[in-house]
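Chain by chain, the residues:
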Amino acid sequence: MFDAEKIWKSTTLPTLPAVAVRLLELARDPETEMTQIVDLIKTDPAIASRILQATNSAFFSFSSKVNSIDRAVPLLGTTVVTSLALSFSLASESISSGPLQDYYRSYWKQSIIHAAAGETIGKRCQAGLECEYFLAGLLVDIGRLAMLKAVSREYYPVLVTSDSQTRPLYEVEHEFLGLDHSQVACRLMESWGLPENLMDGVRMQNFSFETLMEQLEPGKNSLEAAIVLSNAIGDYFMSPVPGKSIQRIRQLADHFFDMKGAEVDRFLQEVRQRVDDAGSLFAIDMSDVNDPSEIMSQANQQLLELTMRAQSETLLASERQKQIEREKQQLESRNAELQQKATRDPLTGVFNRAHFDEALKSAAREASDRCSAICVMFLDIDKFKGINDTYGHKFGDDVLKKFTKVVARSLRQSDIFCRYGGEEFVVIVHRPTEKGVEKLAERVRAAIEREDFLFEGKRVPVTSSFGTALGMPGRKDYNFGEQLLLQADEALYDSKKNGRNQVHHRCLMNNDERELIKSVNGLKFSRWLVSREILDIPTVSRILLQVPPDQRSLGELAVDLKMLEPLDIEVIAEKQSQGTNQRFGELAVETGLLTQTQLYLLLSFQIEPPDRLMNALTANGLFSAERSRELCNQFMKTIPAESIPIAIV
């Protein structure tokens, strides 16, 4: 990993001579007199000579020759002289004759273009301060110079990669070094004490146009915007891919400097003319910089290619997305098919024994955690062996398939119907009650007895025997399903023994558990809707399939409803940790923390949250949102006020 401190510790970083540093200090002081500037410049003959030479160059085009620095400084002004002194100091830093000579030269030519662009922009928006804009443009890429001088070995692969892959330099810098030249430039300029707005412009040179619009205000941040625009102009003249640059130039010129269309083209021509003059200041031949009209032709061709490529890539991406969607659908279909094979009986299409075993474990766990009932219903086709022996196995298979369809029609969607083996089937009844299970089993039995099973046009009587078992598992009694299954099987045996085509029930609940189930059900919003004849049982049963139970524990629910305090939960948990097999609710009532009615209410809200049922009524178009809420509020008013101290809805 590249260590950026290597840059700052380098002894070859660009530096400013004492005269340039002192000039900066004097330029910031409004009390500075012109004679002080003249005297200071005279102390550095090299800079004095360069400034005098610049004064007589085509860049300034004075009508008569200037022979002394005493006359040159007043003619140019403090700002111009300071900018020139800094520019010449930087120019001397950028001279190299080593293996990186071409990269130094490229840097300096692009910097001259930046400077000429900055000056041209300055004339448009702040006449008289053009030289400040010139210097600002010259400093845009000073970070490149710093890295060329300080970490040339690490920087060389960055430059090569950027050129060979025609990628933005700052992007490759981040990839290789973890920082870019704008960051290096800002830190260097800060050490020189340069103005904040100048550093901001350099820092923002590669920001997106959208970000620039947010952070810079036209007319107020002209210098910063000019630096960003001059950077884009440098890329336009020097980059092998000017197409992207011209897009950015037009955006920036329009938004920040109100230049549009042909005016931008004329502006670029003006910059190109000043490039030669600026080059003469530093004795750099800029004649190989192409004319903007030639570059524009190349840029337009690239933009056309980019547009076509983008359209092609969009089309390809669309096709790829469609292919991905097709493959996804095929995969989902295949997974569904595999899932079907893994969980479904191939003959009848109902769930198989493996699925039943897992479903029973899950149901037992939920019933144990939720303090609710669970029911298993066994059913067996009477004398099925005789049917096979008399009519053949083909008819036997037909009976099995039709039998499952009749049973499935009589069950609720939430009940889990499985083939247990041979002619034996089993159902896990959803949210069972004693009376409800009795009615369900009898309804299924009667439907099978009425059904016409035809062999060669003649009706073959088919009946079925039933055994059900209903119970409530104890705390953490997750194996309760096995006991329930055994009891249901014995009840089925009773039906067979007593003449078949009948139902036998076994209830494993004691009176307290029966009372608990009855009381909890009596406090459900769904029961209230049915009792008021607002909805019928089939409609409520269908809607309840879309109402998931509250996953919070009974203790969490009680705290959220302000029935208990967190400290109360700790007290009950401590009692449970002492080995008692009592449920949370039992202990809460036993210790006086909850009333029996409050416990029933908590359990009903946990199994069937009223607000979720209220939302399901609206979502299924049964009532408007206002009407659903009104019904829920009416239901809540039927609950004794002392049972719940806060409003639920």
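The present account deals with the structure reproduced in this document. (Residues numbered from 1 in each chain as written. Predicted model: local features only at pLDDT ≥ 70, side-chain atom pairs only at ≥ 80, totals over all residues. Heavy atoms only, no water.)

1. Notes on the overall build of the chain
When you go through the chain residue by residue, the secondary structure sums to 32 helices and seven strands. By the compact-globule yardstick of 26 Å for 649 residues, the chain is too spread out, its C-alpha radius of gyration being 44 Å. When its C-alpha atoms are laid out on the principal axes, the chain stretches across 130 × 65 × 45 Å. When each of the 649 residues of the chain is scored for burial, the buried share is 47%. Put simply, of all contacts in the chain between residues at least 6 apart along the chain, 69% involve residues at least 24 apart. Carbon and sulfur atoms make up 49% of the accessible area of the chain, which amounts to about 32,300 Å² in all. Each charge class in the chain can be summarised by its mean position, and for the 75 positive and 91 negative side chains these summaries are 8 Å apart. (Helix = DSSP H or I, 4+ residues; strand = E, 2+ residues; numbered from the N terminus. Rg over C-alpha atoms; globule rule 2.2 N^0.38 Å. Buried < 20%, exposed > 50% of the residue type's maximum accessible area, 1.4 Å probe, protein only. Contact = heavy atoms within 4.5 Å. Areas by Shrake-Rupley, 256 points an atom, 1.4 Å probe, with all protein chains shown as cover. Lys, Arg positive; Asp, Glu negative; His and termini not counted. Charge placed at Lys NZ, Arg CZ, Asp CG, Glu CD.)

2. Let's talk about the packing of aromatic side chains
Tallied over the entire structure, the rule returns 13 aromatic pairs. Centroid distance Tyr236 to Phe237: 5.5 Å. Interplanar angle 75°. Geometry classified as edge-to-face. Residue Tyr236 is classed as buried on the basis of its relative accessible area of 0%. According to the relative accessible area criterion, Phe237 is buried, its value standing at 8%. Seen in terms of ring centroids, Phe417 and Phe425 are 5.7 Å apart; in terms of plane orientation they differ by 40°. Their pairing is tilted. Across this residue pair, the class does not change: Phe417 and Phe425 are buried. Following the ring pairs from residue to residue traces out a cluster consisting of Phe356, Phe378 and Tyr420. The ring of Tyr420 carries the charged tip of Arg353 above its face, separated from the ring centre by 3.9 Å. (Phe/Tyr/Trp six-rings, centres within 6.5 Å; stacked < 30°, edge-to-face > 60°. Lys NZ or Arg CZ within 6 Å of the ring centre and 35° of its normal.)

3. Points about helix α11 (residues 169-177)
Regarding α11, the residues found buried are Leu169, Val172, Glu173 and Leu177. Around the axis of α11, the buried residues are gathered within 105° of arc, so they sit on the same side. In the core, the buried residues of α11 are packed alongside α9 (142-150), α10 (152-165) and α12 (181-192). Where α11 ends, the next residue or the one after it, Gly178, has phi of about 85°, a positive value. (Arc of directions from axis to C-beta.)

4. Section: the sheet that holds strand β3 (residues 424-429)
Hydrogen bonds between backbone groups are what pair the strands of a sheet, and the pairing can be parallel or antiparallel. The strand order across the open sheet formed by five strands is β2-β3-β1-β6-β7, and the pairing between neighbours is mixed. Both edges of this open sheet fall to β2 (416-421) and β7 (503-507), since each of them pairs with a single strand only. The average angle at which neighbouring strand axes cross in this sheet is 20°, direction not considered. Here six bridges tie strand β1 (residues 374-381) to β3, and the two strands are oriented antiparallel to one another. By the bridge assignment for β3, Val376 is matched with Ile428. (Pairing = 2+ DSSP bridges. Axes fitted to C-alpha atoms, helices over the stretch in contact; angles between N-to-C directions.)

5. Re the nonpolar core
Residues Ile7, Ile51 and Ile233 are the most contacted members of the largest nonpolar core, which totals 105 residues. Discounting chain neighbours no more than four positions away, the residues touching Ile233 are Ile113, Ala117, Ile249, Phe267, Leu268 and Val271. In terms of nonpolar packing, the next biggest core, distinct from the first, is built from 74 residues, Leu516, Leu561, Leu594 and Cys632 among them. (Core = buried A, V, L, I, M, F, W, Y, C linked by side-chain atoms within 4.5 Å.)

6. Overview of helix α31 (residues 610-619)
Those residues of α31 that fall on the buried side of the exposure criterion are Pro610, Leu613, Met614, Ala616 and Leu617. All buried residues of α31 project into a common sector of 160° when viewed along the axis, lining one side. Positive backbone phi, approximately 75°, marks Gly621, located one or two places after α31.

7. Examining the environment of Thr463
Among the secondary structure elements, Thr463 is positioned in the loop between β5 (458-459) and β6 (464-471). Distance from Thr463 to Glu451, taken between C-alpha atoms, is 9.2 Å for residues twelve residues apart in sequence. Residues within four places of Thr463 in sequence aside, it is in contact with Asp380, Ile381, Asp382, Ile448, Glu449 and Asn501. Here Asp382 takes part through its side chain, which lies 2.7 Å from a polar atom of the side chain of Thr463. (Polar contact = N/O pair within 3.5 Å; in protein donor to acceptor, adjacent residues only side chain to side chain.)

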